[in-house]
Structures are given as structure tokens and as C-alpha cells.
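# Structural overview for review
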Amino acid sequence: MMSYITKSPWIIHYDASSCNGCDIEVLACLTPLYDVERFGIINTGNPKHADILLITGSVNEQNKEVVQNIYSQMAEPKIVVAIGICASSGGIFRECYNVMGGVDKVIPVDVYVPGCAARPESIIDGVVKGLAILAERQSALKAGKSMARDVRQTAKAENIDESEVGLQ
Amino acid sequence: MNLTWIVLFLILAPFVGGLICGLDRIVTARMQRRVGPPILQPFFDIIKLFQKERLRINGIQGFCVLSYLVLILVTGAIFFSGGDLLLVVFALMLAHVFLVLAGETANSSYSHIGAQRELLQVMSVEPMLILYAVAFYIVSGSFTVATIIEHGILGISYIWLLPGVFLGIAYIFTIKLRKSPFDLSTSHHGHQELVKGITTEMSGPTLGMYEIAHLYEVIIILGMIGIFFAGNPLLGLCVLVLLYFLEVFVDCSTARVKWQLMVQSSWLVIGLIAFVNILALSVFG
Ligand code: SF4
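Residues numbered from 1 in each chain as written. Chains lettered and ligands numbered in written order. Predicted model: local features only at pLDDT ≥ 70, side-chain atom pairs only at ≥ 80, totals over all residues.

## Considerations on the pairing of strand β3 (residues 52-56) of chain A
Side-chain positions along a regular strand alternate between the two faces of the sheet. Residue and element names in this part refer to chain A. Of all five residues in β3, five are buried, a share of seventy percent or more. By the alternation rule, side chains of β3 split into Ile52, Leu54 and Thr56 and Leu53 and Ile55, which are all buried. For strand β1 (residues 10-15) and β3, the ladder comprises five bridges, and the chain directions are parallel. Bridge pairing in β3 places His13 opposite Leu54. Two elements, β3 and strand β5 (residues 79-83), share five bridges in a ladder whose sense is parallel. The partner of Thr56 across the bridge, within β5, is Ile83. (Buried ≥ 20, exposed ≤ 12 C-beta atoms within 10 Å, placed from the backbone. Helix = DSSP H or I, 4+ residues; strand = E, 2+ residues; numbered from the N terminus. Pairing = 2+ DSSP bridges.)

## Side note on the confidence of the model for chain B
Taken residue by residue, chain B gives an average pLDDT of 88. The fraction at 70 or more is 97%. Interface confidence in the predicted complex, given as ipTM, is 0.81; pTM for the same model is 0.87. (pLDDT = per-residue confidence, 0-100.)

## Considerations on the packing of helix α1 (residues 2-31) of chain B against helix α2 (residues 41-51) of chain B
For the pair α1 of chain B and α2 of chain B, the least separation of the axes is 7 Å and the interaxial angle reads 115°. For the pair α1 of chain B and α2 of chain B, contact is made by Gly18, Cys21, Gly22 and Arg25 of chain B and by Gln41, Pro42 and Phe43 of chain B, respectively. (Axes fitted to C-alpha atoms, helices over the stretch in contact; angles between N-to-C directions. Contact = placed C-beta atoms within 7 Å.)

## Things to note about the pairing of β1 of chain A
Residue and element names in this part refer to chain A. Among the six residues in β1, five count as buried, and that is most of the element. Across two bridges, the pairing between β1 and strand β2 (residues 42-43) is parallel. Across the sheet, Ile11 pairs through a bridge with Asn43, a residue of β2.

## Overview of the nonpolar core
Core analysis: the biggest nonpolar cluster contains 78 residues, and Tyr68, Met128, Leu131, Tyr132, Val165, Ile169 and Tyr216 of chain B have the highest contact counts within it. Among the elements that line this core, the one with the most residues is helix α9 (residues 204-226) of chain B, at 14 residues. Counting residues in each nonpolar core, the second largest holds 46 residues, with Ala50, Ile55, Tyr71 and Val103 of chain A among its members. (Core = buried A, V, L, I, M, F, W, Y, C linked by C-beta atoms within 7 Å.)

## Considering the sheet that holds β1 of chain A
Residues and elements named next belong to chain A. Reading across the sheet, the five strands line up as β2-β1-β3-β5-β7 and stay open at both edges, with parallel pairing between neighbours. Strands at the two margins of the open sheet, each flanked by one partner only, are β2 and β7 (111-113). Two elements, β5 and β7, share three bridges in a ladder whose sense is parallel. Looking across to β7, one finds that Ala82 is bridged to Tyr112. Taken strand by strand, helix α1 (residues 21-28) contacts β1, β3 and β5, and its axis lies near 145° from that of β3.

What follows is the structure, given as C-alpha cells:
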């Protein structure tokens, strides 16, 4: 059976510490000009509904846990797309005393989209590249190479307060 | 005969409902000068949800959502097999009680707010549904859908006798479709306000069950509006298409209102238009 996840990839967008340049380009993808809903893409704003995590901006000591929290709340299969050079490597903020670097310092990143700011075309391209990975994960999940996990355990392992994750 | 209708409803309703929702999304997109998703998109979404990992947030939420789905199926089965209208109204309400419970079980304030707003929506809709059943009883002398349709075919023109009740049901149709301006508890769009309200903590297959229940519910409400035109199905179909188009138009051109306005305005419509309609019927009829 084919994997329908590539026909209905729902995204969640998180602004780690972007200058808003990349954010506005992510939102541009939803406008009539680019209209990513053509591909079934929906901007959900809810990690529990999302398949793709789009992160703009570098991570810092303050939002590191938020990023991990969002990631751990998403159901498998899921991928992470780092948008813009800040999210990829830290970009011009790399040297700042509070910046840890790219998003891959705290969670695994699957696709890096270059640019400052990343153009809507390349963001869509990055998401489409990610779909192939998503489909692979889906078949791995089906084959039982268990990526399924107990949320409570993940929450504990990553030292996240359970009440914040919405667990009881 | 009855069993055939139940089976037909159970099998066909999600497909028809899915196509209607797919069309709905395309028309919405066109109104916003976008291209929009393929017409089969609702099916892709639901199949995908069932292929996703099952994240259980507790032992009870999945059960509540399943009960919501099952009770919606029961509601539809009663209605489409020509059963009792009052039973339809109460089964529909019970289904929503389980949905509210599903929202309340999660330890998330977004989910709780969604659940409370769902209760407010039930509160706005329920008086109208009961009046709807009463109105058909007054006109046809029976609560049974089969008899009501029979009388309609034999010549009682419900839409002529009950225009106020029809308007009232059309008004709460927006609430039932989870469309703007009354999409308080959650929206059928991928909006983000209060994250996703009552569905915030549902994911994967649980959300899939919720979506399927919604498709069935759309068909039930369309059916309930349809029996106003029991004697003239073609006119009924045209009115349903027009009404749905109007709903999409209103959805695209209004912003979400506060809950006070939703409850007050729907009670006002019910009290002024639907109730007066029934009153006039029992005085002059
Ligand atoms: S890559 Fe450029 S535009 Fe994007 S967040 Fe960083 S500085 Fe801003």
C-alpha cells in the first residue's frame, strides 16, 4: 500500500530565534501565489497533528527545551526541516554568546534549506525533498523497525515536565 | 428495506461526505484566489492519520472519541432507516457529550477550552434541533422519519409550512459544519487559534476517527435539512447545494465571533423565527 503521508504532509512552524525574515517567507508559501495547500500541506500549529517541523532561526539556551518538547510531541513518522542559514548552522548569529548553533545541535535535522532569507521556492523544494524521507520512515515504521515509542519515556529521557507535554 | 438504508448510509456517507468536504476546500480556495487541494484530499488526510503512530495521552480519550464516532453512526442509522426524530436528536447530543469528555480528559488547557466551547455549541444548537422535531410532529402528526417523508411525498409541503424552522436549521448548520463565524471549539480548517481546540490532544488514528465522525455528521445534517423537501427532491438538492455554497461564502468572509454572540444570536433566531413559526402553525393550523 502506498504511503499517504506524502499526499497530506501537515507542518508546524516554530521560530527559534529567527530575525523574522525566514518566517515571513514560510508564511508566503501559504499565500495565493504559492498556495502549498495544492499539495495537501496544512500549517497546523499543533505538534500532535504535524508531520513536518519547520524551524527558522538558530537555537539558544532558552528555547532549546521548547524545540525538544515540540519534536517529542510529534507522532512518528516525522521529519525536521531547518529553514535558512541560521537554522542550518547559526548563520550570522553563530558567534553570539547565547547561541548554540544550528537546530541540529538539539534535535536531528533531515533537510537543510539554505538562504538568508530562504526563498519560498527553496522552502517548498526542501519540504518536497523531505517527503521522500517521510515516505521511507513510514515504510520503516510499517515494517516494524519500531520507531514507535512510549511518550512518557521520551518525556522522561529528555527531562521534560510531563504536565507541560499534556500527559497525565 | 430499513436495513438496506442503514447499510447504504454506513458505506456511502463517508465517501459522499469526503467528496463534499473536498469540494468545499476547493471552493474555499477559489474564493481566496488559490488553487486548492485535490478533491480527494480529505481521504488522503484520513488514511494518513490512520497510518501514523498511535500516541496515547491516557487510557480514556481514545475510548471517548470512539464512542463519539459510534454514536454518530447510530444517529445516522436511526435517521436514514426512517426512525424516530427525537431519538436522532438525543443520540446526536449524547455523541457530542462524549466528544466533550474526550476534550476534558486531556491535561491541556487548549483542549479544555475547546471542550467548554463545544458545550456552548451544543447549547446553541440543541433547542433548535428539538424544535425541529416538534415542528415536524405538529405538521405530520408523527415523529417517525419514514412517516414524515411519506406524508411529504403525499403532498404536505414542509418548506411551505415551516420556513422559519428551515431558516433556524440553516443558521445552526454553520455551527455543525464547524465553519466561521461559529468555529469556536475547533475549526474544520487548519487554523491555529487556541491551537486546535478540542482536537488539540488527538493525534493519528484518534484524530482520524474524529474526522470520519465529522463526515458522517455533515451527511446527517444535510439529510435533516433534506426532508423539508420530501415531496420535491430535485428542489431539495438545489437548495442544499445553494445553502452549502452560502456556508462557504460566509465562512470565507467572516471572522470568528465571541461565544456570547454565538449563543445569543442562535437563540434569537430560534426564538424569533423558528418558535414563532411553530406558534403560528398551532394557532392558525
Ligand atoms: S537566515 Fe537570514 S533571514 Fe533567515 S532568520 Fe537567519 S538572518 Fe533572518
